[in-house]
Amino acid sequence: MIAFVFAMCLGVNQYWMNDTSLALSLLQPQCWYDWAMREEYLPDESYSPMIWRINDKNLTKAAALATQYPGKTWFIYNEPEGSDQANVEPEEAAIWFDKAYELIKMSDSTAKVVCCGIMIRDIGIDWMNKFKPKNTPDAYHIHIYGLTKDDWKAAIDYWHHYNDANLPTYITETCGMWSSNQAELLNYVSKYRHQNIVQIY
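The sections below set out a description of the structure shown in this document. These numbers were taken from a predicted model, which means no experiment stands behind them.

Concerning the overall build of the protein chain
Okay, step 1: Counting secondary structure elements, the protein chain contains 8 helices and 8 strands.
Okay, step 2: Taking 2.2 N^0.38 as the reference for a compact globule, 201 residues should give roughly 17 Å; the C-alpha atoms of the protein chain span a radius of gyration of 16 Å, in line with that estimate.
Okay, step 3: Dimensions of the protein chain, computed from C-alpha atoms along their principal axes, come out at roughly 45 × 40 × 30 Å.
Okay, step 4: The buried share of the protein chain, taken over its 201 residues, is 51%.
Okay, step 5: Sequence separation of at least 24 residues holds for 69% of the intrachain contacts in the protein chain that already meet a minimum separation of 6.
Okay, step 6: Carbon and sulfur atoms provide 52% of the accessible area of the protein chain, an area that totals close to 10100 Å².

Listed below in structure tokens is the structure:
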């Protein structure tokens, strides 16, 4: 696994080792996030904060942190179309996204505000088709899971076809569906290159 980290970024799930600092010291990723916006990590240039689901309380916190830690890439939402995830209708999500975009940009004009963490599948694309904020995200972030390399390639090709504006894209979650194909798939993903793909987590 360590060999892949130099080519890709890392999502650090707190429940994985119950110790983020241990995971970071072992893997030394060039870029990482933890589905949250934790002030103790924001001084780390390689850390990107996330607003998992937007509300007034975390918008106030995000605005303050964006002022204090400029130049960050802010990921907005985590699978808003899914169950047991951010779970917000696209019309409502657009209203909250505009609030987040404007507050973060007012606090830090150099920040990148990136949306929306959908899973690349029909339900995710349907959600995006109904998501119509006033402010265009600086980039998108998406999730891809695949049974095989061909599945993964089909999903990213589907996304590139949808993203006809050619906005930069971060893949903030990806892996195989089963442990038996993780190494082969991640090896393939680590070598994937496309002009619109910024980072792969």
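Let's pick the thread back up.
Description of helix α7 (residues 149-162)
Okay, step 1: For α7, built from 14 residues, the straight-helix expectation of 20 Å at 1.5 Å per residue is met to within 8% by its first-to-last C-alpha distance of 20 Å.
Okay, step 2: Along α7, the residues classified as buried are Trp152, Ala155, Ile156, Trp159 and His160. Take α7 and look down its axis: the buried residues cluster within an arc of 135°, on one side only. Across α7 from its buried face, at more than 90 degrees, point the exposed residues Asp150 and His161.
Okay, step 3: In this structure, the buried residues of α7 make contact with β5 (112-119), α6 (122-130), β6 (139-146), β7 (169-176), α8 (182-190) and β8 (197-200).
Okay, step 4: Its side-chain oxygen 3.3 Å from the backbone nitrogen of Asp150, Thr148 forms the N-cap of α7.

So, the pattern of salt bridges
Okay, step 1: Counted by the stated rule, this structure contains 5 salt bridges.
Okay, step 2: As a salt-bridge pair, Arg38 and Asp34 come within 2.7 Å of each other at their nearest N and O atoms.
Okay, step 3: Residue Arg38 is classed as partly exposed on the basis of its relative accessible area of 28%.
Okay, step 4: Of the charged contacts, one joins Lys149 and Glu184 as a salt bridge, the two residues approaching to 3.7 Å between their closest N and O atoms. In this pair, Lys149 sits in helix α7 while Glu184 sits in helix α8, placing the two residues 35 residues apart along the sequence.
Okay, step 5: According to the relative accessible area criterion, Lys149 is partly exposed, its value standing at 34%.

Focus on the pairing of β5
Okay, step 1: Most of β5 is tucked away: 7 of the 8 residues are buried.
Okay, step 2: In this sheet, β5 lies alongside strand β4 (residues 73-76) in parallel orientation, the contact comprising 4 bridges. Residue pairing in the sheet places Trp74 in a bridge with Val113 of β5.
Okay, step 3: Crossover connection from β4 via helix α5 (residues 90-107) to parallel β5: handedness right-handed.
Okay, step 4: Inspection of the sheet shows β5 paired to β6 by 5 bridges, in the parallel sense. Following the sheet pairing, Val114 is matched in β6 by Ala139.
Okay, step 5: Considered for its hand, the β-α-β crossover made up of β5, α6 and β6 is right-handed.

Things to note about the side chain of His141
Okay, step 1: With respect to the element layout, His141 can be found in strand β6.
Okay, step 2: One polar contact links the side chain of His141 to the main-chain carbonyl oxygen of Ile76, over a distance of 3.0 Å.
Okay, step 3: Within the structure, His141 has its side chain in polar contact with the side chain of Thr172 (distance 2.7 Å).
Okay, step 4: Leave out the neighbours within four places in its chain, and His141 touches Met50, Phe75, Ile76, Tyr77, Val114, Cys115, Cys116, Gly117, Ile118, Tyr170 and Thr172.

Here we look at the state of the cysteines
Okay, step 1: Tallied over the full model, the rule gives 2 disulfides.
Okay, step 2: One disulfide in the model links Cys115 with Cys116; its S-S distance is 1.9 Å. Handedness of the Cys115-Cys116 disulfide follows from its S-S torsion of about 90°: it is right-handed. When sorted by exposure, Cys115 lands in the same class as Cys116, which is buried.
Okay, step 3: Shown here for the protein chain is a disulfide pattern of 1-2, 3-4, where each number marks a bonded cysteine counted in sequence order.

Analysis parameters
- Residues numbered from 1 in each chain as written.
- Predicted model: local features only at pLDDT ≥ 70, side-chain atom pairs only at ≥ 80, totals over all residues.
- Heavy atoms only, no water.
- Helix = DSSP H or I, 4+ residues; strand = E, 2+ residues; numbered from the N terminus.
- Rg over C-alpha atoms; globule rule 2.2 N^0.38 Å.
- Buried < 20%, exposed > 50% of the residue type's maximum accessible area, 1.4 Å probe, protein only.
- Contact = heavy atoms within 4.5 Å.
- Areas by Shrake-Rupley, 256 points an atom, 1.4 Å probe, with all protein chains shown as cover.
- Expected span 1.5 Å × (residues − 1).
- Arc of directions from axis to C-beta.
- Polar contact = N/O pair within 3.5 Å; in protein donor to acceptor, adjacent residues only side chain to side chain.
- Salt bridge = Lys/Arg side-chain N within 4 Å of Asp/Glu carboxyl O.
- Pairing = 2+ DSSP bridges.
- Right-handed = clockwise from strand over helix to strand, strands pointing away.
- Disulfide = S-S within 2.5 Å.

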